[in-house]
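Structural characterization, general
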Amino acid sequence: MHDLAARLRGLPPSCGPVRLIAVDGHAGSGKSTFAGRLAAALGGAPVLHLDDIASHEQLFDWTGRLLAQVIAPLSRGESARYAPYDWRAHAFGPPRPLPPAPVVVIEGVGAGRGALRPYLARLLWMELPREEAWARGRSRDGAEQREFWAGWVEAERAHFAADPSRPHADLLVRQTPEGYEVLPGPAGIPGPDQEVTHGDGPSAMW
């Protein structure tokens, strides 16, 4: 993880002074946990959870709000202020600051959507089949969220059918018993003139 963090810190800024790192994947694939560990390895980098940007009425139709509240100010080197959504109260809360840190992690389903990719330094995809990820998510959230999950699955299918993230991922992340395995993604496979250090094979344990 610290190896990966060092590589990400060394990237050129992508959104004003910020290196914006997206962690995308199916619901239940472990994005939040991985993003938290990556942020810690980055020395406490801020993490924006897209669950705070989405809402019941706009599960995926939140691009405009994210661009206005977060991307635009960060691109100017200013602190962003976004109103996090309270999923129990069904309402947006008071604004929360997000500083233009050297690295900012944005995690959630749709973090790698086309409208955001021009601002990303890297796009990471949690490599877990959707049915397995959804099963994990349903188990985590329990019976009280069964109705929500039924609607979510259809919305997620439609989103990725129209705006897939995985084909554009620079890196694929797989959870293993020992930690995480990080592999080149579809958009990050190096050419013959690029050097890649990936241990003994096509992957590395970070």
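Residues numbered from 1 in each chain as written. Predicted model: local features only at pLDDT ≥ 70, side-chain atom pairs only at ≥ 80, totals over all residues. Heavy atoms only, no water.

As enumerated under the stated definition, the model contains five aromatic pairs in all. Note on Phe 60 and Trp 152: the rings are 4.9 Å apart at their centroids and 35° apart in plane angle, and the pair reads as tilted. Highlighted residues: Phe 60 in the loop between strand 2 (47–49) and helix 3 (63–75) and Trp 152 in helix 5 (residues 146–162), separated in sequence by 92 residues. By relative accessible area, which is 10% here, Trp 152 ends up buried. Geometrically, the ring pair formed by Tyr 85 and Trp 87 is edge-to-face, given 5.0 Å between the ring centres and 90° between the ring planes. Residue Tyr 85 is classed as buried on the basis of its relative accessible area, which comes to 6%. Looking at Arg 113, its charged tip hangs above the ring of Trp 62, at a distance of 3.7 Å from the centre. (Phe/Tyr/Trp six-rings, centres within 6.5 Å; stacked < 30°, edge-to-face > 60°. Helix = DSSP H or I, 4+ residues; strand = E, 2+ residues; numbered from the N terminus. Buried < 20%, exposed > 50% of the residue type's maximum accessible area, 1.4 Å probe, protein only. Lys NZ or Arg CZ within 6 Å of the ring centre and 35° of its normal.)

This part covers the pairing of strand 7 (residues 103–107). When you tally the buried positions in strand 7, you get five out of five residues, the bulk of the element. Of the two faces of strand 7, both are covered, the one formed by Val 103, Val 105 and Glu 107 as well as the one formed by Val 104 and Ile 106. In this structure, strand 2 lies alongside strand 7, joined through three bridges in parallel fashion. By the bridge assignment, His 49 is partnered in strand 7 with Glu 107. (Pairing = 2+ DSSP bridges.)

With that out of the way, let us pick up the packing of helix 4 (residues 130–141) against helix 5. Taken N-terminus to C-terminus, the directions of helix 4 and helix 5 make an angle of 150°; their axes are 11 Å apart at the nearest point. Considered as vectors, helix 4 and helix 5 are oriented roughly antiparallel to each other. Where helix 4 crosses over helix 5, the handedness of that crossing is right-handed. Only Trp 149, Val 153, Glu 156 and Arg 157 of helix 5 make contact with helix 4, whose side of the interface consists of Arg 130, Glu 131, Trp 134, Gly 137, Arg 138, Arg 140 and Asp 141. Residues of the contact of helix 4 with helix 5, tallied by class, amount to three nonpolar, one polar and seven charged. (Axes fitted to C-alpha atoms, helices over the stretch in contact; angles between N-to-C directions. Parallel < 35°, antiparallel > 145°, perpendicular 65-115°, else oblique. Left-handed = near helix turned anticlockwise from the far one by under 90°. Contact = heavy atoms within 4.5 Å. Nonpolar A, V, L, I, M, F, W, Y, C, P; charged D, E, K, R; others polar.)

The next point concerns the pattern of salt bridges. Scanning all chains against the criterion turns up six salt bridges. Between Asp 163 and Arg 117 there is a salt bridge, with the nearest N and O atoms lying 4.0 Å from each other. Of this pair, Asp 163 sits in the loop between helix 5 and strand 9 (171–176) while Arg 117 sits in the loop between strand 7 and strand 8 (122–126), placing them 46 residues apart in sequence. Arg 117 gets classed as partly exposed once you look at its relative accessible area, which sits at 24%. Of the charged contacts, one joins Arg 166 and Glu 127 as a salt bridge, the two residues approaching to 2.7 Å between their closest N and O atoms. Residue Arg 166 is found in the loop between helix 5 and strand 9, and its partner Glu 127 is found in the loop between strand 8 and helix 4; the two are separated by 39 residues along the sequence. Salt bridges here are not isolated pairs; linked through shared partners, they connect Glu 131, Glu 154 and Arg 157. (Salt bridge = Lys/Arg side-chain N within 4 Å of Asp/Glu carboxyl O.)

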